[in-house]
Structure formats: C-alpha cells, structure tokens
Amino acid sequence: MSSLLNSEVGLWGAPLSARNMPKIFNRLNQIWQQHFSVYTALDPVSAEIRGKHLNSILRLAPFTLGANIANGLLICLAFSQTSWFAPVLCWFFSLTVIAAIGMRAWWVGRKQQIKTASPHAIRRAVWNAIYLATIWGMMPALLFPQATASQQVLIASIMPGMMCAGAFILSCIPQAGLAYLWVMTVPSMYAVLSIQSLWFTVVGAMLLVYAVVVSIGVWTAAKAANARLKSEREAERQSQMVSLLLRDFEEQTADVLWEINMSGQFTHVSHKLAALLNQRAAALAETSLQNWFKEHCTDLAPLKQAMRAGKPFRKLLLPIRLDNKDHYWAITARPLFAEDGHCFGWRGVISDVTQEQQAQIRLQDMAQFDALTGTHNRGFLREQLALALDSAATRGTRGALLCLDVDNFKGINDALGHTVGDQVLKALATRLQLLCQNCTVARLGGDEFAILLHPLEQDSDATTVALTLLESMNDPIEVGEHTVNVGISIGVGLIPEHGENLDELLANADLALMAAKNNGRGRAEIFARSLGERSRRRLTLEHELRRALINNQFTLYWQPKVQTEDWYICGAEALLRWQHPTLGQISPSEFIPVAEAGGLITDIGNWVMREACKVAARDLPGLTISINASPAQLLRTDFFWQVDAALKEANLPPENLEIEITESLFMDASPVALRNLRALHKRGVRVALDDFGTGYSSLAYLRKFPFDTLKIDRAFVCELLSRPDARAIVRTIIDLARTLGMDTVAEGVEEPAQLVVLERAGCNVIQGYLIAKPVPISEFHNLLENWIPGNAPQVSAVPQTEFGQMAALRSHPSSMDATTIFG
C-alpha cells in the first residue's frame, strides 16, 4: 500500500491540468505494466497465475452468490407492502438469473481446477462483475429516494457490505474488483445525494472515502496475491530444477550422492553408492556412514571434526583402503534443517579423486625434477641457491655455481636426430651426477646444466671440479649404434663474491659461460667484473641505439676515393658515426654488431641510404658515393625498393651510387639477396664486393653476379711493403678484376710507397689516410676546393724487386704466365 501511496503522491504532486493528463496516464500505464501485466501477458506462467486467481474466486462462488440472494430477499421483504414491490420483484428476478448462471458455472467446474486461463477469461470475469454490480447499483438509485427511513437504513446497511465484500473477494482480479466497487458506488452516491440534506451529503462523502480506501486495498491485495503466486511458481520451478539436476547428476556424474540422518543411518542409497562402497544396498541401509569409514579410512578425524562443527564443508580429502588398494575420496556435505530450524541429517557427495591425487603427487615430483634427465630442475636449483646464499650471508660459508652447456649440440640434433640428442643429454646428466654425487645437479633447459657446489672449503675446489668435468668429456658417449664425442663449456660463479642474490649469481655464471664459449669452447671461465661491464655496456648500447635515430644522434663522415692514374677525386665512401650526448663518440665496430644482433641494422641502414643520397645529390655532384649494406638489409625483399625510393627522393642518378657488400652474404646463397643485387644492377646502381680475399672468397659467386668493383682489404695493403705473399695476393686480385672487367679499389693506403706498388700493379682507385681521414661534409668541401689533380705524393724508395717485377709485367704483358702472376 505504501508503494501505491508513494506513486500517487508522485503522480498527483503536480497541478492537475490538461497538460499533465498525458503524463498521468503514462505513469498509470507504467504502474499497471509493472505489477499487473500478468492479466494480459500470453506466457505460460501468466496463464497459470490467471487460472489460480479464477480458482480462488470460483471456490467462494456458492457463498457469495448465496449472500447476494439473501440480501435480495431482504430487500423484497422490506418493499413487499409498497407500490414498488413489482419493480423490486423484477429486480430480484434479474439478480436470481445472474446468480443462477454463476452457480451453474461453479457446479460444472467444481471437480476440476482451472490450470490456465486466457486474458479473454479475465475480461469475461470483469464483465460478469460489472453485470452483478449494475443490478445492485440500480436498486438504491431507484428505491432510496422514495424509501422510508427504515428502508433507507436497510439499503444503507446492505450496500456498503456488498461493496466491500464483493471488492475483497474479487481483489485477485483488480479490474473486476474495482469495476464492481465503482459501478455500485456511483449510483449509491447518486441516491444519497439526491436527497437535499446536509446529513445525506456527509453520508455521500463518507461513501466516497470508503470506496477510495477499498480501491487502495484491492490494488494492494492484487499486488500481494500476484507476488505470492509468482514466488510460489518460482519456488516450484526451482524445486523441479533441483530434482532434475540431482537426478541427472546422479545418473551422469562420477560423483555419488549420499544422505544420512542424525544417527548416521543412510536414508538415500543408490546403486552407485552401493557400488562405490562395495556393499549391497540392503546392507548399507542397515549400517551407518561412520561405521563404514571406521573400517576403511585410515584417518577419520577430519570428517568427525567437520561434522561436529555443523557447517557445510567441501572437498574434505580422506585416504581410503578398499580391496587392498589405496584410494582418495573427496567428501562434500551440508547439514539438513527442518522448518523449525533443527538439524535432521546430512546430505552430500563422494568424489573419487584417486587419479587426481596421484597426478598431484607426480606433479610435485615434476616441480623438482627434470622429466628427461631425472636431474633436478631450475625451480629446485633456485631454492637451493637461495639457501646457499642465506648460509653464506649468515654463517660465512662459501660455494660455487657451475653453468655448463654442450658445445655444438645443435649439430648433434641436426646430424643424428632429436631422439639421439635426448639420449646424449640423459647420458651426460648421468655422468655429471656420478662425478658430483654430493652436489645439486640441475638441468636448466635445452642442453644447459648447472651444478651447485656448497659448501666449499676453498675457491680452488670449484676450478678442480670444472677441470674434472672437462676431462670426463674425453670419453665419448655411446648411444645405440652411434658414438658421440661431446664437449662442454663451463662458466663459474663464486658464492658470495659473484652475486648478492640468486638472479645476479645465475646471470654472472651465465656470463662466464658465454666467455668460455667465445674464447674457443671446451674450457672453463670464472666470472670477472669486466664480463659484467661488457654485458651492461652492450645492453646500454642496444637501449640507446633505439633512441639514436629519433634523437638525430647519427651523422655521416666522408672519405675520398682517388683515381691513381691522374690523381683526381672520383668518389667518396659514406661512413656512419654516432656521437652520443653522454657516452661520447662510439666506434662503428662496437655499435654495428649490437645493431645487427638487436634487429636495428635495417632501420639504421635505411637512414644511411636516404641521408647519403640526399647529401650526394646536394653537395657532391658528379662523384660516385659508396654505401655499405649489411646482409640483413639485402635479405629483405623490400631492399631494392628502399634504395630506389632514396634515389628518387634525392634525385640522384643511379650510376652515382655504389652499394658495398661483404663476402659473408654469399655463404647462404640467398635467392632474395641475388634478386636484390640483380635489380640494383639493372637499375644502374654499381655493386662492389668489399674486403675481397679475407673471408669466404670463391670464384663461384663472382660468376653468379657481375660485380662492378672489387675492394682489396686493408690487411693486404698494410703488408705490401713487408711481405712478398701479400704483394702476390694483391697482384692476383687486380689481374682477376681486370680479366673480369671490374675496377679495383685498395683501402687503407697510408704510405706513398704503398701507392706506388698499387699503381704499378694496375689498381684503379685507392682510399686511406694517405689521402684523408673520414671527415664531415663541410671539411670534405674544403678538401675538394683545395685538391690539386695530378699532385700525387712522391716516394723516395720502394722494394727494388717489386719495381723490377712490376716494370717487367707492364712492359711485356705477353710474357705473363701462371708462375709470374702468382709469384
């Protein structure tokens, strides 16, 4: 009722006007849809509720219709001696017809309940209520003004009673109840107010108040009735769902339902429960849960404690011995309470979790041991390292961590297969465990192992163990038909000197292992602080390289190339320099390998390409510029398009650009690299082979691709004056290039005598400190402006044998043979 009153306050709080009427009607419609949509909805639940409402009205039909007939008879008796008796009899006849129709409907359906009712049935009930109320409303409207005082008292007594009783009985269908009430109220008020008297006016007002109060009661009673029936329907639905779920659970799940009373006797014994407990159902019904567990459970205390607490519990694990086998059961249960609140038993499920528990035990083993080798794993090693470090900090003990891995293990896998590789690791782990029986041997992953030596009497013991392990690898490992020679590298970190925490110790031992591998493999290295500094330096460079491009920290230096014949500058090589704001000038030999390892070389190379082309087109017209390209760039499918875009953006003629590549590119004979080189050559870009003769020199790839230039490495140029074999190699390279139609460039020329030797050998172009160091573009401009063609440096003396041999070759080229060319 309070919610209705509140809604009415909100509804009528605004002044009643034509403008507010649509809002009022909308609000009334919202309230109706919220609470009474059940009378018009077509869903099955609403149909059931409507049926229950009609049933509640029809159950009272004999009493209500009997009361109508009795009250009608009283009215007939009151007016039997008046001139209005005939109209009253007609009125009573109409009332009797309506009552008879209602009684017939009740009689036909008295033995069966209405399960569902349509909205049409509700509308029919409303009209029946209106018909009945109309008959009763006619009576006071016609008789009350002409009635005597005693007859008026009778009518005034009967009408409110009929109004209230009928509205209350019909309240479960509020449309019917309200229609019945107001159809009777309006003519009754008319009858009372038709008599011009103050007292009858007061009675009419009171009658209106009664009708409003009864209307609110009908409204509230209807809401409560609908809410109760919906709640009962939901409870019934949930009960059916629970029953269905329990039945489905019992039939399909592996869990088993059980139920006992307060004495422990089974009150629900299914065939699954009997099968689980390995007893007949009849026998279980005569025993108790506690007695069965006493015979088969080795530790019943947790179950007793949980049930004494009287609270629900879940997944209580119990060890069970059944049929001479160990099982694990998980018990879940809750107490059962009656309506008065007292507990009358327990209900729960038994889950056989034997497999899960055994798997958990295996997982606990796996958490400490490696599945392949049977050694401890990384997690267990970390635990032991933490204990060793704590002991070193608190008790001053010493120890060592040895990190080792198999040299060239990938080659073993590739050659013999992963199955053989796994067997090699298992055999190696067995050998390590035999040699280090009192130590923690762990596999870190792949082919990497670790050995914790703790405690140690002195640090030299760690070196002794490492050397013993290296010597043990002299014996090959037999795997089936294969004999595998295995080598290992070892890195040693001392406790506590080389790590204040386990992560630092592991990292430092791993750095020592990397040093052992870089220094030739098959050896042991003890961690030194310099290793950590190099590693941190490398990480710092990689981090700063990622910001160098964004912050414009790179610049290009230019080193001129000079034509030996007439000593003029024919080109320049663009060389990358990095000036860091805090680290200072960083050598390319240091940061280029870091960029290649970190995958940054492509972005840096693309920047160099664009910047060099732009500077060459603007400041070096007519000169051929050389740019080094890394193998990582040439292995990208978009490399040609990067070069092409740089040429177009700078408007640089392609013949003024030369790409220098190294011999290592041809080790993998990548078809992508060859396609890029051919596309560049077709575009008109020159291609030079850098450092020829120092790496994987092969005449085969000189045939695969027609290079424009071969560059003679500085290592040969530096030894031209001191070693005859260096001179012979240089002559061979120059003659080979001339035969194949290629130019030659000698780099690293620092002395005039070297220039003379190279010139007489037929070298086309030189570059080096003899001409100029790499300089910024502004200084390169000054060099060009002050350059004097033909003014080559003079030399006082060169090796006489070299002069004589060169002169002979130049004067009598037809006399050259293999012995002369190759020295």
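Residues numbered from 1 in each chain as written. Predicted model: local features only at pLDDT ≥ 70, side-chain atom pairs only at ≥ 80, totals over all residues. Heavy atoms only, no water.

1. Some words on helix H15 (residues 378–395)
Turn by turn, an α-helix covers 3.6 residues, leaving residues three or four places apart pointing in a common direction. We count it as follows: Each helix is a run of H or I in the DSSP string that is no shorter than four residues. Each strand is a run of E no shorter than two, and both are numbered from the N terminus. The span you would expect from a helix comes to 1.5 Å times its residue count less one.
Taking 1.5 Å of rise per residue, 18 residues should cover 26 Å, and H15 covers 25 Å from first to last C-alpha, within 8% of that figure. Two residues or fewer after H15 comes Gly396, characterised by a positive phi angle close to 75°.

2. A few points about the packing of helix H4 (residues 61–78) against helix H5 (residues 85–108)
The packing of two helices is summarised by the inter-axis angle and the distance between the axes. The test is simple: Interaxial angles span 0 to 180 degrees and are taken between N-to-C directions of axes, which are lines fitted to C-alpha atoms, for helices over the stretch in contact. Reported orientations rely on four angle classes, namely roughly parallel under 35 degrees, roughly antiparallel over 145, roughly perpendicular from 65 to 115, and oblique for the rest. Residue contacts are defined here by distance: any two heavy atoms, one from each residue, within 4.5 Å place the two residues in contact. All residues other than Ala, Val, Leu, Ile, Met, Phe, Trp, Tyr, Cys, Pro, Asp, Glu, Lys and Arg, Gly among them, are scored as polar; the first ten of these are nonpolar and the last four charged.
Interhelical geometry of H4 versus H5 gives an angle of 170° and a closest axis separation of 10 Å. When the interaxial angle is binned, H4 and H5 end up roughly antiparallel. Residues Ala61, Pro62, Leu65, Asn68, Ile69, Gly72, Leu73, Ile75 and Cys76 of H4 pack against Phe85, Val88, Leu89, Trp91, Phe92, Leu95, Thr96, Ala99, Gly102, Met103 and Trp106 of H5. Split into classes, the residues belonging to the contact of H4 with H5 amount to 16 nonpolar, 4 polar and no charged.

3. So, unusual backbone geometry
A cis amide bond, omega 0°, links His454 with the succeeding residue Pro455. Within the secondary structure, Pro455 sits in strand S8 (residues 448–456). For the bond running from Ile495 to Pro496, omega is 10°, close enough to zero to count as cis. Positioned with a positive phi, Asn552 is a non-glycine residue whose angle comes to about 55°. Structurally, the position occupied by Asn552 is in the loop between helix H20 (529–548) and strand S13 (554–563). In this structure, Asn651 is a non-glycine residue whose phi angle is positive, near 60°. Mapped onto the fold, Asn651 is located in the loop between helix H24 (639–650) and strand S17 (657–662).

4. Some points on the sheet that holds strand S4 (residues 325–337)
As a general point, the strands of a sheet are linked pairwise by backbone hydrogen bonds and lie either parallel or antiparallel. For clarity, the threshold we go by: Between any two strands, pairing holds if DSSP finds at least two bridges.
Strand order in the open sheet formed by 5 strands is S2-S1-S5-S4-S3, with antiparallel pairing between adjacent strands. Single-partner strands in this sheet number two, and they are strand S2 (266–268) and strand S3 (313–322). Direction aside, neighbouring strands of the sheet carry axes that sit 35° apart on average. Note that strand S1 (residues 256–261) and strand S5 (residues 343–352) share 6 bridges and pair antiparallel. Its bridge partner lying in S5, Ile260 is registered against Trp346. The strands touched by helix H13 (residues 301–309) within the sheet are S1, S3, S4 and S5, with S3 carrying the most contacts at an inclination of about 150°. Along the sheet face, helix H14 (residues 354–366) touches S3, S4 and S5 and points at about 120° away from the line of S4.

5. As for the packing of aromatic side chains
What counts here: To pair, rings of Phe, Tyr and Trp, with the six-membered ring standing in for Trp, must have centres within 6.5 Å; the planes then decide the type, stacked if under 30 degrees apart, edge-to-face if over 60, and tilted in the middle. The cut-offs for exposure are 20% and 50% of the maximum accessible area for each residue type, with area from a 1.4 Å probe on protein chains only; residues under the lower value are buried, those over the upper are exposed, and the others partly exposed.
All chains considered together, the criterion is met by 12 aromatic pairs. Between the aromatic rings of Trp91 and Trp136, the centroid separation amounts to 5.1 Å while the plane-to-plane angle is 80°, which identifies the pairing as edge-to-face. Of this pair, Trp91 sits in helix H5 while Trp136 is found in helix H6 (residues 119–143), placing the two residues 45 residues apart along the sequence. Of the residues examined, Trp91 reaches a relative accessible area of 9% and is grouped as buried. Of the residues examined, Trp136 reaches a relative accessible area of 0% and is grouped as buried. With centroids separated by 6.2 Å and ring planes inclined at 35°, the aromatic side chains of Trp127 and Tyr131 adopt a geometry described as tilted.

6. Comments concerning the pattern of salt bridges
It is possible for side chains of opposite charge to pair when their charged atoms get near one another. The criterion, for reference: What makes a salt bridge here is a side-chain nitrogen of Lys or Arg within 4 Å of a carboxyl oxygen of Asp or Glu, nothing more.
Applying the stated criterion across every chain, the model contains 29 salt bridges. The residue Asp326 makes a salt bridge to Arg321 at a minimum N-O spacing of 2.8 Å. Three or more residues are tied together by salt bridges with common partners; here these are Lys561, Glu573, Glu658, Glu660, Arg686, Lys711, Asp743 and Glu747.

7. Brief notes about the sheet that holds strand S7 (residues 440–445)
Across the sheet, 5 strands lie side by side as S7-S8-S6-S11-S12; this open sheet has mixed pairing. The open sheet has two edge strands, S7 and strand S12 (524–526), and neither has a second partner. Pairs of neighbouring strands in the sheet enclose a mean axial angle of 20°, with direction left out of account. Bridging between strand S11 (residues 488–495) and S12 involves 3 bridges; their strand directions are parallel. Bridging across to S12, Gly491 finds its partner in Glu525. Here helix H17 (residues 418–435) sits on the sheet in contact with strand S6 (398–406), S7 and S8, set at roughly 5° to S8. The sheet strands contacting helix H19 (residues 502–518) are S6, S8, S11 and S12, and the helix crosses S11 at an angle near 145°.

8. Overview of the environment of Ile350
For Ile350, the location among the structural elements is in strand S5. Taking the C-alpha atoms as reference points, Ile350 and Ala333, separated by 17 residues in sequence, lie 8.8 Å from one another. The residues touching Ile350, leaving out its near neighbours within four places in the chain, are Asp255, Val256, Trp258, Leu273, Leu276, Trp329, Ala330 and Ile331.

9. With respect to the confidence of the model for the chain
Caution applies to low-pLDDT regions: their predicted coordinates should not be interpreted in detail. Note the cut-off: Residue-level confidence of the predictor is what pLDDT reports, using numbers from 0 through 100.
The predicted model of the chain has a mean per-residue pLDDT of 82, with 88% of residues at 70 or higher. Confidence over residues 1–14 falls short of pLDDT 50; this stretch has 15 contacts with residues more than four positions distant or in other chains. Counted against residues more than four places away or in other chains, residues 800–823, with its pLDDT under 50, gives 29 contacts.

10. Looking at the nonpolar core
Our working rule: We call a set of buried Ala, Val, Leu, Ile, Met, Phe, Trp, Tyr and Cys residues a nonpolar core when their side-chain atoms join them within 4.5 Å.
Of all hydrophobic cores here, the largest spans 78 residues; its most connected members are Trp558 and Leu657. No other element matches helix H22 (residues 601–619), which puts 9 residues into this core. Beyond its immediate sequence surroundings of up to four residues, Leu657 is in contact with Met609, Cys613, Thr624, Ile625, Ile627, Val643, Leu647, Leu652, Val685 and Arg686. Counting residues in hydrophobic clusters, the runner-up holds 50 residues, among them Trp91, Ala121, Ala129 and Tyr180.

11. Brief notes about the pairing of S13
By the criterion of burial, S13 is predominantly enclosed, with 8 of the 10 residues buried. Summarising the sheet, S13 and strand S14 (residues 568–580) pair through 10 bridges and their orientation is antiparallel. If you follow Pro560 over to S14, its bridge partner there is Ala572. Direction of pairing for S13 relative to strand S21 (residues 765–767): antiparallel, over a ladder of 2 bridges. From the neighbouring strand, Val562 faces S21, where its bridge partner is Ile766.

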